[in-house]
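Architecture at a glance
Read off the chains here:
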Amino acid sequence: MPHRVVVLALDGLLPFELGIPQRIFGRSIGSEPLDKGRKLYEVVTCSVRPPGPVRTDADFTITVERGPETLATADTVVIPASYELGPVYTQGRLTDELAAAFAYIRPGTRMVSICTGSYVLAAAGYLDGRPATTHWASADHFQRLFPDVRVDPDVLFIDDGDVLTSAGVAAGIDLCLHIVRRDHGTAVANDVARRTVVPPHRDGGQAQYIQRPVPEARLATTTTARAWALGRLEHPIQLRDMARQESMSVRTFTRRFREEVGVSPVQWLTRQRVERARQLLESTDLSIDQVARDAGFGTATSLRQHLQAVLGVSPSAYRRTFRERAPRN
């Protein structure tokens, strides 16, 4: 029998995410002689209520023909994101309706969340003491609400064996392809990816999609130095040079800078250079070597090291993601 995937449709769901399991698992076909051409998964959808309408975050509802008892038949349960999680999101606890639905799930069932569907898994206790991820914009709130979960906001997904979580929206595709690859091998996953017209594996994590401006200063005592540095990022900049712009000692300047900006001058300078590199990679056809020089990293090797550390990807991979056509290096 095909592996049964049950997708739990909650009110306020995102239609795009609801369709990911069917698109990936439902199109997975066997490639080995014994199962060639056979559907490897059966994907069904259920609600926490008896069959009927379920609200979406769009201007339409969907009709779900199965109730919560369907969860008892699942080999894998997938929970897409919802914008109407109520006490799950505000208090970290399941509603009575959700708790009753989860009671149908058999021990050992593989549990999967897409985006903020992780809140439901955490509220149900599946993530206690485990690593997990969610959409980067919700990561801080998620960690405060569920302090026992080891949240990693930078990755696209986390596989912790029988419990798997993904980052926001399209990262659900990455996770489902990973599960297919884990269950049936690279050839099957690659075939599904090709027919879905998505990469079988994306480089890096969520970090490359997050805009992280440096905190604004509360007091204007190092503004001149920051403006001066931003105007010459392509040149070598020493800490003493920045301190000199404010007529301060290096020690005083460093203390004031951290008080105002929240990071050290060196950390701030690196972040500004990474942001400059991102802009150049996205908006110009400059070579990687030239981007490195113009952003102040000096060499392509240094640029690669810093982008890998901050974003988890190489300059070339970042450019491929955010540019329609990448130039030759």
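Since this is a predicted model, take the numbers as computed values, not measurements. (Residues numbered from 1 in each chain as written. Predicted model: local features only at pLDDT ≥ 70, side-chain atom pairs only at ≥ 80, totals over all residues. Heavy atoms only, no water.)

1. Focus on the overall build of the protein chain
The number of helices and strands found in the protein chain is 14 helices and 10 strands. Oriented by its inertia axes, the alpha-carbon framework of the protein chain measures out at about 70 × 45 × 35 Å. In the protein chain, buried positions account for 47% of the 329 residues. Within the protein chain, counting contacts between residues at least 6 apart in sequence, those at least 24 apart form 63% of the total. In the form shown here, the protein chain has an accessible surface area of approximately 16,000 Å², with 51% of it arising from carbon and sulfur atoms. (Helix = DSSP H or I, 4+ residues; strand = E, 2+ residues; numbered from the N terminus. Buried < 20%, exposed > 50% of the residue type's maximum accessible area, 1.4 Å probe, protein only. Contact = heavy atoms within 4.5 Å. Areas by Shrake-Rupley, 256 points an atom, 1.4 Å probe, with all protein chains shown as cover.)

2. Some remarks on the pattern of salt bridges
Taken as a whole and judged by the stated rule, the model has 15 salt bridges. For E84, the salt bridge identified is with R55, shortest N-O distance 2.7 Å. Of this pair, E84 sits in the loop between β5 (76-79) and α2 (87-90) while R55 sits in strand β3 (residues 52-55), and the two are 29 residues apart along the sequence. Its salt-bridge partner being R182, residue D159 comes within 2.8 Å of it at the nearest N-O pair. (Salt bridge = Lys/Arg side-chain N within 4 Å of Asp/Glu carboxyl O.)

3. Thoughts on the confidence of the model for the protein chain
For the protein chain, the average pLDDT comes to 89, and 92% of its residues sit at 70 or higher. Of the regions scoring below 50 in pLDDT, residues 325-329 engages in 7 contacts with residues more than four places distant in sequence or in other chains. (pLDDT = per-residue confidence, 0-100.)

4. Let's talk about the packing of helix α6 (residues 171-184) against helix α7 (residues 186-196)
One way to put it is that α6 packs onto α7 with a least axis distance of 7 Å and a crossing angle of 150 degrees. Looking at the two axes, α6 sits roughly antiparallel to α7. The handedness of the crossing between α6 and α7 is right-handed. For the pair α6 and α7, the contacting residues are L177, V180, R181 and H184 in the first and T186, V188, A189, V192 and A193 in the second. (Axes fitted to C-alpha atoms, helices over the stretch in contact; angles between N-to-C directions. Parallel < 35°, antiparallel > 145°, perpendicular 65-115°, else oblique. Left-handed = near helix turned anticlockwise from the far one by under 90°.)

5. Things to note about the sheet that holds strand β10 (residues 163-166)
Strand order across the open sheet formed by 6 strands is β2-β1-β5-β6-β10-β9, with mixed pairing between neighbours. The sheet terminates laterally at β2 (41-47) and β9 (157-159), the two strands that pair on one side only. Direction aside, neighbouring strands of the sheet carry axes that sit 15 degrees apart on average. Relative to β10, β9 runs antiparallel, the two sharing 3 bridges. (Pairing = 2+ DSSP bridges.)

6. Thoughts on unusual backbone geometry
One can expect most non-glycine residues to show negative phi and most peptide bonds to be in trans. In this structure, C115 takes a positive phi of about 60 degrees despite not being glycine. Here C115 lies in the loop between β6 (110-113) and α4 (118-123).

7. A word on the environment of S28
Relative to the helices and strands, S28 is located in the loop between α1 (15-24) and β2. Sequence-wise, S28 and H235 are 207 residues apart; in three dimensions their C-alpha atoms are separated by 52 Å. Beyond its immediate chain neighbours, meaning those up to four positions away, S28 contacts R38, K39, L40, Y41, V180, V188 and V192.

8. Considerations on the state of the cysteines
The tally for this structure, following the rule as stated, stands at 0 disulfides. Considering cysteine sulfurs only, C176 is the nearest to C46, which forms no disulfide, with 16 Å between them. Taking the relative accessible area as the measure of exposure, C46 reaches 0% and is therefore buried. This cysteine, C115, is not joined by any disulfide, and C176 carries the nearest cysteine sulfur, 13 Å off. Overall, the relative accessible area of 5% leaves C115 in the buried class. (Disulfide = S-S within 2.5 Å.)

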